Amino acid sequence: MKVLLKGVSREEVRELIALNETPWVSLFLAPHPPGETIQRAIQLENLLRRSEAELEASGYDRDDAHAMLAPVWEMTDARTLEEYQDAGLACYVAPGQFHLYRLLHRVSDAVIVGRRPFIKPLLMPRPATDSFYVLALSKSRVRLLHATPSGITAVPLPDAPAGIDDLPQTDPTGRQAQRHVAPSTRGGASGAMYPGHGGNIYDEKAEVQRYLQAVSNAVERALSRARDPLVLAGVDYMVSMYRALNGYAHVIDTHISGSPDHVSDEALGERGAHVLMTHRSRLATDERDRFEALLQYNPPRASTNLRSILPAAHAGRVARLLVASDRQMWGRYNPDDETISLHDEPLPGDNDLLDIAAQQTLLHGGEAIAVPATDIPGSNGVAAVFRY
């Protein structure tokens, strides 16, 4: 059994759809509030009975169907489900295969039986403000905070200096020097003086740079396995200097401006969420503008027409694909002659052709993302950018 507690990577989705077993049962179970474990177990039993009925209707032996779904039947024990009570679940079952994913977004109860796993729920990005970090920078202290739906917590930075005054100092010859802190100058900055070398020698910019480098190194170690976005907070010049030294790959390009020293953790979390939402909105606008420009190429480098996107996805021409997470386009596609038949309601043997387009895009090394139809250019619930 494969259980992923923090979602699933695109590479893991590719590995799943590359498996040749058939049929596949894709079963999705909505989260339930605490205390409703028994009700959720009953709902899972109902989904399993529906799965077995659909397998039997498609010609699969009843006993074989029950045996194939045995790992999921074991989960109908309320005590087993309790571990996943507050999360949506995606179960993928085929002969000899069972994959269980804990989803980072809400999902509705559903069962889909077909020749391949139904993957769109695995392609939905987590909400922009679901989980992120805030790094509050100042000369007096540094804070790394982790914001999640459960609240905001401090992330220890044992390797970081407590503040700029905690930074080990060296004299201009590279030797350890005694560091004396001068009285605050205008603006609150304190100066470091090194005796014995022709007067007071103080290079504030170099000292701040060394301080921020030490902080960056500590943050990079603390977040070595993280992928959540990081929002910086601080006066503009310190944030700018930190960006030049940063080694964490997921720092966003806007920040919380101003000294964070007297701002609470909770307030920094709220401001970070606002910065992230603004950042995401701007990216979406920029992406839509680029897409519209690609539509004007001759021949077009983009499309919102499923009849042109499906053959391109099978040929490996789709670099990036958006498909509607809240819409299905039922039908069949024959890659040999590139014919497509669409139906208002699913018929036996039909697939969601949006899901098929996403599978083929991923199998050929492209990027596929499932988002609400209203977030996709055009009105067809699908949009693709071609490699050529």
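In the block above lies the structure referred to throughout.
Residues numbered from 1 in each chain as written. Predicted model: local features only at pLDDT ≥ 70, side-chain atom pairs only at ≥ 80, totals over all residues. Heavy atoms only, no water.

J.: Tell me about the pattern of salt bridges, residues and numbers included.
T.: Under the criterion given, the structure shown has 12 salt bridges. Note that Glu 11 is salt-bridged to Arg 14, the shortest N-O span being 3.2 Å. Of the two residues, Glu 11 and Arg 14 both sit in helix α1 (residues 10-18), three residues apart, roughly one turn of that helix. The exposure class assigned to Glu 11 is partly exposed, which follows from its relative accessible area of 40%. Classification of Arg 14 as partly exposed rests on a relative accessible area of 21%. Among the charged side chains, a salt-bridge network with shared partners connects Glu 287, Arg 320 and Glu 367. (Salt bridge = Lys/Arg side-chain N within 4 Å of Asp/Glu carboxyl O. Helix = DSSP H or I, 4+ residues; strand = E, 2+ residues; numbered from the N terminus. Buried < 20%, exposed > 50% of the residue type's maximum accessible area, 1.4 Å probe, protein only.)

J.: Can you break down the nonpolar core residue by residue, with the values?
T.: One finds Tyr 92, Tyr 101, Leu 122, Leu 123, Leu 310 and Leu 321 to be the most contacted residues of the largest nonpolar core, which totals 48 residues. With six residues, the top contributor of residues to this core is helix α10 (residues 353-363). Among all residues touching Leu 310, those that are not within four sequence positions of it are Tyr 333, Ile 340, Leu 353, Ile 356 and Ala 357. Of all hydrophobic cores here, the second largest spans 27 residues; its members include Leu 137, Val 215, Ala 218 and Leu 230. (Core = buried A, V, L, I, M, F, W, Y, C linked by side-chain atoms within 4.5 Å. Contact = heavy atoms within 4.5 Å.)

J.: Before we move on, could you go through helix α2 (residues 37-57) and cite the residues and values that matter?
T.: Between its first and last C-alpha, α2 extends 30 Å over 21 residues, near the 30 Å set by a 1.5 Å rise per residue. Taken residue by residue, α2 has Thr 37, Arg 40, Ala 41, Leu 44, Leu 47, Leu 48, Ser 51, Glu 52 and Leu 55 as its buried positions. Projected down its long axis, α2 carries its buried residues within an arc of 140°, all on one side. Turned more than 90 degrees off the buried face of α2, the exposed positions are Ile 38 and Ala 57. On its buried side, α2 packs onto β2 (24-29), α3 (62-68), α4 (70-73), α5 (78-81), β3 (89-94) and β5 (110-114). Immediately downstream of α2, the backbone of Gly 59 shows phi near 100°, a positive value. (Expected span 1.5 Å × (residues − 1). Arc of directions from axis to C-beta.)

J.: Talk me through the packing of aromatic side chains; I want residue IDs and the actual numbers.
T.: Any aromatic ring pair is given by two values, namely how distant the centres are and how the planes are angled relative to each other. Under the definition given, this model contains three aromatic pairs. For the ring pair Tyr 92 and Tyr 101, a centre distance of 6.0 Å and an interplane angle of 65° mean the geometry is edge-to-face. The pair Tyr 92 / Tyr 101 is uniform in exposure class, with both members buried. Members of the aromatic cluster, connected to one another through ring pairs, are Phe 28, Tyr 92, Tyr 101 and Phe 118. Directly above the aromatic system of Tyr 388 lies the positively charged group of Arg 317, at a separation of 5.5 Å from the ring centroid. (Phe/Tyr/Trp six-rings, centres within 6.5 Å; stacked < 30°, edge-to-face > 60°. Lys NZ or Arg CZ within 6 Å of the ring centre and 35° of its normal.)

J.: Break down the sheet that holds strand β17 (residues 351-352) for me, with residues and values.
T.: Within the open sheet, the three strands sit side by side as β16-β15-β17. Their pairing is antiparallel. In this open sheet, the two strands that pair with only one neighbour each are β16 (339-343) and β17. Two strands pair when backbone bridges link them, and strand β15 (residues 330-334) and β17 are joined in this way by two bridges, in the antiparallel orientation. Its bridge partner lying in β17, Gly 331 is registered against Asn 351. Contacts between helix α9 (residues 306-314) and the sheet are confined to β15 and β16, with β16 contributing the most and set at about 130° to the helix. (Pairing = 2+ DSSP bridges. Axes fitted to C-alpha atoms, helices over the stretch in contact; angles between N-to-C directions.)

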